[in-house]
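Each chain is listed here by its residues.
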Amino acid sequence: DVKVTQSSRYLVKRTGEKVFLECVQDMDHENMFWYRQDPGLGLRLIYFSYDVKMKEKGDIPEGYSVSREKKERFSLILESASTNQTSMYLCASSLRTSYGEQYFGPGTRLTVT
Amino acid sequence: AQSVTQPDIHITVSEGASLELRCNYSYGATPYLFWYVQSPGQGLQLLLKYFSGDTLVQGIKGFEAEFKRSQSSFNLRKPSVHWSDAAEYFCAVGTGGGADGLTFGKGTHLIIQP
């Protein structure tokens, strides 16, 4: 059974803080993704990675960066958190040959005050 | 670029009644289609997927979906809903490149009336 875990379920940070969201998957998946989910907007792709140290911008990368130093771990970084980054953040992973089938973590609800 | 439309933001269904959630996609080539469900405060769980072959696909929890290329649709159905089906449902389309992210619809919130 694929398991994707995220370091925190709930997080409260102040404006201007540097924020790290961690995601770990245990099924040796090549691909990993970060989405944000907002009411009425659905899920939007922030960044994805198809290999260690590789990253690609998604649809809304502004204000975010990522790091993938190990295959199982994909980190999302908010360099200077802002209130408009208050959201639910979802991590996902997939096999390279899976035609896109993704497995999701439980999400991190981030509030920036 | 691909896109997904879920025309219904909210749907209310009585327990025991049938359900159909609509999904229309836009993509120039063969789409890879998914339905996910999200219970409150949880991540997304895959209900079913369509890659090729039989256009009627069966999923978990008694759900099924039918791919209709002529209508660019992939509607989700269930013959009899249970109170535990109340959740947010997302349709998604992929391009088949496993490294690419999925494009999601904005979701349909399903409410079950007793």
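Throughout what follows, the structure given in this document is the object of discussion. Since this is a predicted model, take the numbers as computed values, not measurements.

1. Here we look at the interface of chain B and chain A
Tallying the contact residues gives 21 residues for chain B and 24 residues for chain A. Summed over both sides, the interface between chain B and chain A buries roughly 1800 Å², with carbon and sulfur atoms accounting for 57% of that surface. Taken together, chain B and chain A are joined by one salt bridge. Where Glu101 of chain A meets Lys49 of chain B, a salt bridge forms, and the shortest distance between an N and an O atom there is 2.6 Å. Counting across the interface, chain B meets chain A through five residue pairs in polar contact (both at pLDDT 80 or more). The greatest single-element share of the side of chain B that touches chain A, amounting to four residues, is contributed by strand S5 (residues 32-38) of chain B.

2. Describing the packing of aromatic side chains
All names here are of chain B. Applying the stated criterion to the full structure yields 16 aromatic pairs over all chains. Plain terms: the ring middles of Tyr36 and Phe104 are 5.9 Å apart, the flat faces sit at 50° to each other, and that makes the pair tilted. With Tyr36 in strand S5 and Phe104 in strand S11 (residues 103-104), the pair connects residues that are 68 residues apart, well separated along the chain. Of the two residues, Tyr36 and Phe104, both sit in the buried class.

3. Thoughts on the pattern of salt bridges
For the structure on display, the rule yields 11 salt bridges over all chains. Here Asp38 of chain A ties to Arg36 of chain A by a salt bridge, and the two come within 2.8 Å at their closest N and O atoms. Taking the shortest distance from any N to any O, the salt bridge between Arg77 of chain B and Glu64 of chain B comes out at 3.3 Å. Of this pair, Arg77 of chain B sits in strand S9 (residues 73-78) while Glu64 of chain B sits in strand S8 (residues 64-68); the two residues are 13 residues apart in sequence, bridging distant segments of the chain. Here the salt bridges share partners, and the residues they tie into one network are Arg36, Asp38 and Arg44 of chain A.

4. Regarding the state of the cysteines
A full pass over the atoms with the stated rule returns two disulfides over all chains. Between the sulfur of Cys23 of chain A and that of Cys91 of chain A lies a disulfide, 1.9 Å long from S to S. Taking the sign of the S-S torsion, about -80° here, the bridge from Cys23 of chain A to Cys91 of chain A comes out left-handed. In this pair, Cys23 of chain A is assigned in strand S3 (residues 19-25) and Cys91 of chain A in strand S9 (residues 87-94), connecting sequence segments 68 residues apart. Residue class for Cys91 of chain A comes out buried when judged on its relative accessible area of 0%. One disulfide in the model links Cys23 of chain B with Cys91 of chain B; its S-S distance is 1.9 Å. Classification of the bridge connecting Cys23 of chain B and Cys91 of chain B rests on its S-S torsion, roughly -65°, and on that basis the disulfide is left-handed. A residue pair is termed long-range when its members are at least 10 positions apart, and Cys23 of chain B in the loop between strand S3 (19-21) and strand S4 (24-26) and Cys91 of chain B in strand S10 (residues 87-94) qualify at 68 residues. Classification of Cys23 of chain B by relative accessible area gives buried; the value is 0%.

Basis of the calculations
- Residues numbered from 1 in each chain as written.
- Chains lettered and ligands numbered in written order.
- Predicted model: local features only at pLDDT ≥ 70, side-chain atom pairs only at ≥ 80, totals over all residues.
- Heavy atoms only, no water.
- Contact = heavy atoms within 4.5 Å.
- Buried area = accessible area lost by both parts, 1.4 Å probe.
- Salt bridge = Lys/Arg side-chain N within 4 Å of Asp/Glu carboxyl O.
- Polar contact = N/O pair within 3.5 Å; in protein donor to acceptor, adjacent residues only side chain to side chain.
- Helix = DSSP H or I, 4+ residues; strand = E, 2+ residues; numbered from the N terminus.
- Phe/Tyr/Trp six-rings, centres within 6.5 Å; stacked < 30°, edge-to-face > 60°.
- Buried < 20%, exposed > 50% of the residue type's maximum accessible area, 1.4 Å probe, protein only.
- Disulfide = S-S within 2.5 Å.

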